[in-house]
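What follows is each chain in one-letter form.
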Amino acid sequence: KPAFPTCECNKMLLMKNNLRKPRTRRLLFGVTLLLIFTAIVPARTKTSLNDGWKFLRADSPNAGEIVFDDAAWKAINLPHTWNVEDPWDDGPGYYRGAGWYRRELPPLASLSTKRFFLFFEGANQVAEVYVNGHKAGSHTGGYSAFAFDITNLLKPGRNVIAVRVDNSFNEDIPPLTGDFNFYGGIYRDVWLIAAEDLHFTVTDHASAGVRITTPDIARGIGTVAVDGTVVNSGKSVRTFEVVSTVTDDRKRKVAEKISRLTLEPGRETKFSHSGNVKTPRLWSPDSPYLYTIRNTIRENGRTLDEVAQPVGFRWYAFDGEKGFSINGKPEKLRGTNRHQDHAGLGNALPDRVHVRDMELIKDAGFNFVRLAHYPQDPAILDACDRLGLLVWEETPIVNYITNSAAFAENSKNMVREMVRQHRNHPSVILWGYMNEIFLRVPKGQDDLYPATVELARHLNTIAKEEDPTRPTTIAFHGNDVYNKTGLGDIPDVIGWNLYQGWYSATVADFGKFLDDQHGRFPKRPLIVSEYGANADQRLHSIEPRRFDSTIEYQRFFHESYWAQIRSRAYLSGSAIWSEFDFGSEFRGETIPHLNQKGMFTSRRVPKDIHYFYKSQLRKTPVVHIAVRDSPKIVSAGQNEQAISVYSNLPEVELFLGGRSLGKKSFDDARKGTWMVGLKPGINKLTARGEKGRMLTVDSASVTFEARSITSAEIAVNVGSNASFMDKDGRVWLADQPYSAGSWGYVGEKAKRIFSRPPDPNVLGTDSDPLFQTMVEGLSSYKLD
């Protein structure tokens, strides 16, 4: 039907009947156009408030008042954090305290017929919001959205909003501690929402106002169930329709339901719809097909409010023996972890950077992402729906809890917020609510063990009440305390964060641990929720070892773990720790204040290990010469170097300067290694592989220098098994025992020593690896 048949017909009649009355014709025609224009103005508007703020990194009395001099404050735009720089300096800690933000609202529409809401996607971690000097509300928790109805605080003309944000430590607010920075500020988008008096709720834990499920997908029919809340903020009784319309990706209507309701003023009511879509296309990682459901409030033919959400038809299951399946087909969860952290931005990432992160993850071939360790930006969930990335999302209850009523209440509220805000996304398959919760229990507080188990039961129940369609999960660190306390019996799926071969034991113990857990608890679905090792692109070794942070050890670690994961059919999946390096102020290590276990640097530069996973997971051809992390090789006289190639092709040929070094066959390891005699200067390498008639080529260059005792300079990284390139491009060679005609440490009891991470930050230098190692027990150091 035409959108406005009455208006259109009237317009035609008026034009016909008034051809001889120009003035009247023009007047009535104008009225008709005005009616049409009024009808198509959107009932709900969403205006960005990201620009034009003034900011002060301090507490300030009376800063919430409407009349206040903020002229000296810093002009900023959102997203914003006040901790972009101080986590990276040599001073201990970073600013954790209060900060203030102020700005004026844009000119507003009629205050008599509209409701206005301030919607914050996230502010860390306690926010107090003032409008024209009056408190609109407060929110506790740094990782979920919140919204306040500010209509009654507004006035004609100038309106001022002020926000006090505080990221101070608070024993009643999770997270208490964590291996990531608790950046302060309004670090996500802020919106002004204007809605009609009759509208879908906005302030219900900042949810979409509607809940969408697909409870039945069988016999070629998909059921869509919708329920939600409508609010009447006006002064009269309203009779209206709620219309739920499902459209496919070409905007064709495939299902619709209508309810007629009456609502008293100042009240709210629930609605519920259920409809069927014939032969729905299924959503999956390989084919993330999305429908759209539009829920509309109409009164006398006029649209008063509308919210649109994605719909994906899929079903899935976790099984202790068979692993994970989706839409009835086995599918190993092949994934990674992601923190909302970026070099130069902290956690204040614009949406385009969030989305780009998800695209990088998908491009590598992953089908699963764990959002660690907190709910993340709405743009992330939208991108995962579109790209086909399955999501584990969790609340920030990390390391240990506080046994207090306030901590428990905040934890419960965080679960409710997470679920209500993100449950409509088909990409979400797991709700998590704790991570390594017994890792740092303070000594002498053994009462926290039973208290944690009791809290977990409550959180598990809330997650099930809010969303009975999805399983729950917790991530444990590699300790049997979770089984002994009974915590392992509460969630539906168990995640294990395992670092054998890094923080403990050897890489071979990784598979043994998993087999032991599966043998003892065969019905428990298991996911390896974390595994990883440091990698500093400045450090290299021909004899890599645990804790050395060399690129070579990271590659060895992941190659071993991946083979063990792939061989265990009972595993539902795994997630690398992590996809991107991220800030962690307390860490020392070779790059202070950085957790450097990523597949990418914090600036999103890929490390060579990224291409190992790409060769394992991508179906399209991959060929990568793994030398990008070591473009300059300096050796103590040894020109033959191991050069590896990652590829998913059956055979690859490597060339040095146009000369073939031979072909190698590639098996499931997806790796081939050649011993290449490099010459001084630039060496050009090319790798070629074919599949069918498609040729895939990768090229890279390596600069090689040979150092001997006769060289103009020798720089030695004393005590280290690794060479190190400093910021000036100087390569400090790995240390060695003395041999005649060379250099090195002397003594039968001499041994190289370096401390396990997290090492203390070495002050006054960016070359920390030079000062974190030593030789102990030597009788002398000799250079011939």
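Predicted model only: the values in this text are computed from it and were never measured. (Residues numbered from 1 in each chain as written. Predicted model: local features only at pLDDT ≥ 70, side-chain atom pairs only at ≥ 80, totals over all residues. Heavy atoms only, no water.)

**Q** What am I meant to see in a negative patch on the surface here?
**A** Taken together, the side chains of Glu85, Asp89, Asp90 and Asp766 make up a negatively charged region of the molecular surface. Relative to the assigned elements, aspartate 90 resides in the loop between strand E3 (74–76) and strand E4 (98–104). Accessibility expressed as a relative area gives 37% for aspartate 90, which makes it partly exposed. (Patch = residues over 30% accessible without salt bridge, like charges linked within 9 Å, V, L, I, M, F, W, Y side chains within 5 Å. Areas by Shrake-Rupley, 256 points an atom, 1.4 Å probe, with all protein chains shown as cover. Salt bridge = Lys/Arg side-chain N within 4 Å of Asp/Glu carboxyl O. Lys, Arg positive; Asp, Glu negative; His and termini not counted. Charge placed at Lys NZ, Arg CZ, Asp CG, Glu CD. Helix = DSSP H or I, 4+ residues; strand = E, 2+ residues; numbered from the N terminus. Buried < 20%, exposed > 50% of the residue type's maximum accessible area, 1.4 Å probe, protein only.)

**Q** Looking at this structure, how should I read the sheet that holds strand E19 (residues 316–319)?
**A** Spatially, E19-E20-E21 is the arrangement adopted by the 3 strands of the open sheet, whose pairing is antiparallel. Among the strands making up the open sheet, the edge pair consists of E19 and strand E21 (329–330). Pairing between E19 and strand E20 (residues 323–326): 4 bridges, direction antiparallel. Each bridged residue has a counterpart across the sheet, and for aspartate 319 the counterpart in E20 is glycine 323. (Pairing = 2+ DSSP bridges.)

**Q** What exactly am I supposed to notice about the nonpolar core here?
**A** Proteins that are soluble and globular tend to have nonpolar side chains buried together. Judged by nonpolar contacts, the single largest core of 85 residues is most densely connected at Met434, Leu487, Tyr531 and Tyr613. Counting residues per element, this core draws most heavily on helix H6 (residues 448–466), at 8 residues. Contacts of tyrosine 531, omitting those with residues within four sequence positions, involve Leu498, Tyr499, Phe557, His558, Tyr561, Trp562, Ile565, Ser574, Ala575, Ile576, Trp577 and Tyr613. Counting residues in hydrophobic clusters, the runner-up holds 26 residues, among them Trp53, Trp82, Val129 and Ile150. (Core = buried A, V, L, I, M, F, W, Y, C linked by side-chain atoms within 4.5 Å. Contact = heavy atoms within 4.5 Å.)

**Q** Mind showing me how you'd approach the confidence of the model for the protein chain here?
**A** It should be kept in mind that the predicted coordinates are not to be read in detail where pLDDT is low. Residue-level pLDDT values for the protein chain average 92, and 94% of them are 70 or greater. Contacts from residues 1–41, a stretch scored under 50 in pLDDT, to residues over four places away or in other chains number 16 contacts. (pLDDT = per-residue confidence, 0-100.)

**Q** So what exactly am I meant to see when it comes to the pairing of strand E43 (residues 731–734) here?
**A** A regular strand carries its side chains on alternate faces of the sheet. By the bridge criterion, 2 bridges tie strand E41 (residues 716–717) to E43 in an arrangement that is parallel. Bridge assignment links valine 716 to a residue of E43, and that residue is leucine 733. Where strand E42 (residues 723–725) and E43 come together, 2 bridges link them in antiparallel fashion. Bridge pairing in E43 links methionine 725 to valine 731. The hairpin formed by E42 and E43 contains 5 residues between the paired strands, and glycine 729 there has a positive phi angle of roughly 85 degrees.

**Q** Just to check I follow, could you spell out the pattern of salt bridges for this structure?
**A** Where charged atoms from two side chains of opposite charge approach closely, those side chains can pair. Evaluated as defined, the whole model comprises 46 salt bridges. Two residues, glutamate 359 and arginine 386, come together in a salt bridge whose shortest N-O distance is 3.5 Å. Placement of glutamate 359 in helix H3 (residues 351–363) and of arginine 386 in helix H4 (residues 378–387) is noted, with a sequence separation of 27 residues between them. Residue glutamate 359 is classed as partly exposed on the basis of its relative accessible area, which comes to 29%. In the salt-bridge network here, residues are joined through shared partners; they are Asp204, Arg420, Arg423 and Glu466.

**Q** Help me out: how do you make sense of the packing of aromatic side chains in this one?
**A** Aromatic rings in a pair are described by how distant their centres are and how their planes are angled relative to each other. For the structure shown, the criterion picks out 38 aromatic pairs. Judged by centre distance (5.9 Å) and plane angle (40 degrees), the rings of tryptophan 502 and tyrosine 553 are tilted. One end of the pair, tryptophan 502, is in the loop between strand E27 (493–497) and helix H8 (508–520); the other, tyrosine 553, is in helix H9 (residues 551–566), and 51 residues separate them in sequence. On the numbers, 6.5 Å between centres and 35 degrees between planes, the contact of phenylalanine 510 with tyrosine 531 is tilted. Pair noted here: phenylalanine 510 is in helix H8 and tyrosine 531 is in the loop between strand E28 (526–530) and strand E29 (539–540), with a separation of 21 residues, a long-range link. (Phe/Tyr/Trp six-rings, centres within 6.5 Å; stacked < 30°, edge-to-face > 60°.)

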